[in-house]
Each structure stands twice: as C-alpha cells, then as structure tokens.
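Listed below are the residues making up each chain.
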Amino acid sequence: MKLFRTEMKAYHILCFLDGEEGRDPEMLFPLIYFAENVLNCKVEYSFIWNIHEIYRKKPDLILMANTIGSVLHYEVTKYANNNGIKIFALISEGIFRTNGTFNYFGYNTDKSFYQEYICHWSERTKEFLDTELPEIKDKNVVTGAVGFDRYSIYKFMDKEDFLGPKNLGQFKKVIGYAGWAFGKMYSKQGLQEIRHYHKDAKKRLSWMEDQMYKVEDILRKAIEANPDILFLLKRHPNEANPTITTENPNEMIRLRDYPNVLYITGQENLHDLISVSDIWVGFESTTCIEAWLMGKPSMFINPDPDFNRTNIYKGHPIVKTAEDFLEKIQSFYSKGEMECFNNPELIANREEIIHETIGFSDGMNHIRAGYYLSKVLDTIQPEEVKNRKVKISYKYLFKYCLLMIGRFFYIKYLFLKLPKFKKTVWMFESWRLSNLKILQSNYKPFLDKFYENKKILARYQNGSLWKDLGLK
C-alpha cells in the first residue's frame, strides 16, 4: 500500500546497478522505498552496462549507489550530466582514510563530482573533503550510511533456515569470516589497482602475500581444531570484478574442501551470514560494524597489525597467532561471551567508531538522504523535462545493440570457454536485474512496519520529520 501520493505527475527516476544482489542494491532499497512511497517517485532499474537507457528513457533523475566505483559508474554520471539530467548518488564505501592516502575521485578521471550532493557517512569525511576541495563545500552533506539502516529495520535468517537447505543443519556453532582482497594480486586489473594506489607496489605485494599465507594458516588451524564449528568464509566482493570468471588464490580458497567450511563467493546476503554467525571475524573489514549493530562479537586476524587502515580495529580484539585465535574461540563457547570484546574501553571505542564512520545507527539514514533527494527533485522543472533532448551516444547505442542481439546467442558454458567472450558472462547473467523486485517485496513488510512505528508519513505531512532530524 502506498503511503503518500500527490495529484502531481510522479518523478521518473532511473536507477543504475551493476547487479541484483549485494551492497549497492541493499543500500538503495530503503531510499527507493522512501522515494516511491513519500516523494511521489517512480523508480525504474537499469543495468549499468546499458548506458543507452538514458537516451531511451529520458528520466527526470539518475539514482546510483556511487559515482566513482568503476569506469561505468563514471560514464553514467558524465553522460547524464552532459545532457542536463540531475544525478543523486550515495557513497558505497564511506569509511575512507582522511590522511591524504585515499583517492576520493576513484575512476572519475575528470576529477569533478557530477552528482548534486556528496552524501557523506560522517562529519569526519565531510570536514575532510570540505578542506580538501573547498570549491564543492556546498555539495557536501552528512546523511549517515544508508546501507546500515537495514540492521535497525529488517529481520534476518536464523541458523535453522540458513543451514537446513544446505544440509548443514548438524552445525550448532558458526563462525563467519569476511575476506580481504588478497586475490587482487592474481588478476591483471587488481595488480593495476595496487600499483596505482601504492608508490612502492613491490613492497606492498610482498606484504600482502606474506599476510595472506599467515591468515590462511591461522584459519586452517582453527578449522582443523574445531570440527564441530562451521566456518563461513566469505570472499570479498571487490576481489575480482564481474568480468573475471576464474577463481584467484586468496586466504580462504585452499580451505574450502574441509567438511566444516562453507566458502561463499556470492549469492548470499551479508546480513544473513552475520546473523547466523556466533562470532564475526575479518582481516580488515567494515562489516564488523554491521556485526556490532546486530549484537555480534567480532575480532580481526592481523599477524601484522601495523598497516595503513581505518580505526575500526580499535573496537574489538586483534589476534596475531593461531593460539590466540583458538583461545578466544574456546573461551566464547565455554563462557557464552567474549569477555575481551566486552572490555569497557572497547565498548566506548565502538560507540565512537559508529558515530565517526556511519554517522547514525537509528535506521533513519535513508530518510536523511531522502531529504536531500527531495531538494533535488524540487529543482526539476516540468517544462525542462518536457522539452528535454538527450544527445545520442553511438558508443552506448552500439553496446546496447550488442546486448540485445547477443542475448539470443548466449550460452553460458560455451562463453566461459571462449577467451573473448567469457568476460561478457557477468553481463548476460545480470542485465535483466530480475531479482530486484523480489527482494524489494521481501523487505517491504519490514519497512512498512518501521514507517508505521516511527510515524514517518504523519511527521512528513505535518512538517516535523526534517526538523526532528535536525535538517531544518
């Protein structure tokens, strides 16, 4: 049931995604719910490779999870901007370093932010970019991390529902591990990124390889010593881009054949993995914040903890050896809690980290983002939309034709065997984005209840919603 509709024509929003599962759609779903049910919008999805959809659809506004995460993200925003179409975007990786070592332009070679607002997760990053780029200070706003709202809104799978269909119901104890992007060392694109971001790439690669094998050894010893514990080993989503169809070495792949290991490369929601885990572990991962929001203890495995990183490591224990890791596992299952995780200093650190990194943990970040989205929508003039002409790009038209014609010849197992074609498998597998509506319908009851409990519609209509959030 729609919460709110005006008599005006709905705004047409075209939302670009590179897949139908994972971080980006998860962070956009709550904002899209707000846009459709409160801001009088109609949101349509488009596969990010198919940029010609901008010409075909001529939307009022482009919506994206980020504008710098890939060449395609950058191309979408530049093409839309060149044709007078406004862009509203979030930030997918908002916990970035503010010591001058982070490339905040990413794949945007123009070094120009085309979106109307830069939606920061925290005051920390906003203040940093205000200082670094004072010319865009008016674009910088703090919305909080929208993707973290779901931990205050949704209900997630339990062990029985998750493990039963996988014939793993015999395991009553589960430990999850969020992989680091060690596998980038073994792909051409990954090596290019490492060499681009690190002045002494040779030293960096040597350090990565050393850490990878040490982490693997610690995990292996824990797996072998605890046959009654199921270890969920989740590959990092950015370890290999969708065009890479081969599996690269990392700290987990050689452990996947153990009977008490489930190696996960995709098709599983991160929040469900955290939900069914008793302990959440990583090498360096923002997912530990998500674990904290779900009440799960966490730790990092860092044989060498002294490297350039965000401050998340200050919120939980760090283990350097297999013996330390095993001791903490045994202590947790014997006592029912991880005593070192509940250290008052770590508790205080976690509260500060949550504030400094994701801004707010009240489930309202998507509504804060919705406030700025509404300001953009208010600037869109009906006459401007009615008379809009989008200049055709023959490059994007050609890619559109390749997609539309190629789908009739696509045979997955055959394309995987052909060097020139295997890079297109991700495209033909993902372009329909057919699962998005199913996921949205699954989440809708939780959002409906959250909005009802928080009286979002009534507060929006009486004008108190923005004031309550400190936005007016």
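In this text the structure is predicted, and so the values were computed from the model without any measurement.

(A) Structural view of the packing of aromatic side chains. In the structure shown here, the tally under the stated rule is 32 aromatic pairs. For the pair Tyr-33 and Tyr-451, a centre-to-centre distance of 4.8 Å together with 70 degrees between the ring planes defines the contact as edge-to-face. Of this pair, Tyr-33 sits in helix H1 (residues 23-37) while Tyr-451 sits in helix H18 (residues 436-454); the two residues are 418 residues apart in sequence, bridging distant segments of the chain. Pair check on accessibility: Tyr-33 and Tyr-451 agree, each one buried. Ring geometry for Trp-207 against Phe-283: centres 6.1 Å apart, planes inclined by 55 degrees, an arrangement best described as tilted. With Trp-207 in helix H8 (residues 201-225) and Phe-283 in the loop between strand E10 (279-282) and helix H10 (287-293), the pair connects residues that are 76 residues apart, well separated along the chain.

(B) Geometry of unusual backbone geometry. At Asn-40, a position not held by glycine, the phi torsion is positive, near 60 degrees. Tracing the sequence through the fold places Asn-40 in the loop between H1 and strand E2 (41-47). Looking at Asn-40, the relative accessible area reads 5%, which means it is buried. In this structure, Leu-433 takes a positive phi of about 50 degrees despite not being glycine.

(C) Representation of the pairing of strand E4 (residues 86-89). Because side chains alternate across E4, one face comprises the buried residues Lys-86 and Phe-88, and the other comprises Ile-87 and Ala-89, equally buried. The pairing of strand E3 (residues 61-64) with E4 spans 4 bridges and is classified as parallel. Pairing of Ile-62 across the sheet is with Ile-87, part of E4. You can see the chain leave E3, run along helix H3 (residues 71-82) and come back into E4, and the turn it takes is right-handed.

(D) Spatial organisation of the sheet that holds strand E12 (residues 318-319). The 6 strands lie next to each other as E9-E8-E7-E10-E11-E12, forming an open sheet whose pairing is parallel. For this open sheet the edge positions go to strand E9 (261-264) and E12, each flanked by a neighbour on one side alone. As defined by bridge partners, strand E8 (residues 229-234) adjoins E9 across 4 bridges and the pair is classed as parallel. Bridge assignment links Lys-234 to a residue of E9, and that residue is Ile-264.

(E) Broad picture of the environment of Leu-168. Along the polypeptide, Leu-168 turns up in the loop between helix H6 (159-163) and strand E7 (173-178). For Leu-168, a relative accessible area of 12% gives the class buried. Look past the residues within four positions of Leu-168 in its chain and what remains in contact with it is Leu-163, Leu-230 and Leu-262.

(F) Molecular detail of the packing of H1 against H18. Following both chains from N to C, one finds H1 and H18 inclined at 60 degrees, their axes separated by 10 Å at the closest point. Looking at the two axes, H1 sits oblique to H18. Crossing geometry of H1 relative to H18 is assigned as right-handed. Across the interface between the two elements, Pro-25, Glu-26, Phe-29, Pro-30, Ile-32, Tyr-33, Phe-34 and Glu-36 of H1 pack against Leu-436, Leu-439, Gln-440, Tyr-443, Lys-444, Leu-447, Asp-448 and Tyr-451 of H18. Residues belonging to the contact of H1 with H18 are distributed by class as follows: 11 nonpolar, 1 polar and 4 charged.

(G) Just the nonpolar core, in detail. If you look at the biggest cluster of nonpolar residues, it comprises 156 residues, and the most contacted ones within it are Ile-54, Ile-62, Phe-88 and Phe-325. No other element matches the 9 residues that H8 contributes to this core. Not counting chain neighbours up to four residues away, the residues in contact with Ile-54 comprise Leu-14, Phe-16, Pro-59, Ile-62, Val-76, Tyr-79, Ala-80, Ile-85 and Val-390.

(H) Highlighting the pattern of salt bridges. A complete count under the given rule lists 23 salt bridges for this structure. Linking Glu-193 and Lys-184 is a salt bridge whose minimum nitrogen-to-oxygen distance equals 2.7 Å. Each member of the pair, Glu-193 together with Lys-184, is buried.

(I) Inspection of the side chain of Asn-302 at higher detail. If you trace the backbone, Asn-302 turns up in the loop between strand E11 (298-301) and E12. Here Phe-283 takes part through its backbone oxygen, which lies 2.7 Å from a polar atom of the side chain of Asn-302. Non-local contacts of Asn-302, meaning those with residues more than four positions away in its chain, are made with Phe-283, Phe-307, Arg-309, Ile-318, Val-319 and Lys-320.

Calculation notes
- Starting afresh in each chain, residues are numbered from 1 along the sequence in its written order.
- Local features in this predicted model are restricted to residues whose pLDDT is 70 or higher, and side-chain atom pairs enter the listing and the counts only when it is 80 or higher, whereas totals over whole chains, interfaces and linings include all residues.
- Only heavy atoms go into the side-chain values, all of them from the structure, while hydrogens and water stay out.
- The criterion for an aromatic pair is that two Phe, Tyr or Trp rings (for Trp, the six-membered ring) have centres within 6.5 Å, with stacked assigned to planes under 30 degrees apart, edge-to-face to planes over 60 apart and tilted to the rest.
- A run of H or I in DSSP becomes a helix once it reaches four residues, and a run of E becomes a strand once it reaches two; helices and strands are each numbered from the N terminus.
- Type-normalised accessible area, obtained with a 1.4 Å probe on protein chains alone, sets the label of each residue: buried when under 20%, exposed when over 50%, and partly exposed for intermediate values.
- Here a strand pair is declared whenever DSSP counts at least two bridges between the two strands.
- With the strands aimed away from the viewer, a crossover counts as right-handed if its path from the first strand over the helix to the second runs clockwise.
- Here, two residues are considered to be in contact whenever any of their heavy atoms come within 4.5 Å of each other.
- Fitting a line to C-alpha atoms yields each axis, with helices limited to the stretch in contact; the angle taken between N-to-C directions then spans 0 to 180 degrees.
- Angle categories: roughly parallel below 35 degrees, roughly antiparallel above 145, roughly perpendicular from 65 to 115, and oblique for all the rest.
- Crossings are assigned a handedness: left-handed for a near helix turned anticlockwise from the far helix by less than a right angle, right-handed for a clockwise turn.
- Just so you know the grouping, Ala, Val, Leu, Ile, Met, Phe, Trp, Tyr, Cys and Pro go in nonpolar, Asp, Glu, Lys and Arg go in charged, and all remaining residues, Gly too, go in polar.
- What is meant by a nonpolar core is a set of buried Ala, Val, Leu, Ile, Met, Phe, Trp, Tyr and Cys residues, joined one to another through side-chain atoms within 4.5 Å.
- The term salt bridge refers to a side-chain nitrogen of Lys or Arg lying within 4 Å of a carboxyl oxygen of Asp or Glu.
- Any pair of nitrogen or oxygen atoms within 3.5 Å is treated as a polar contact; in protein, a donor-acceptor pairing is required on top of that, and neighbouring residues in sequence qualify only through side-chain atoms on both sides.

None of the figures reported here should be taken as evidence of function without further support.
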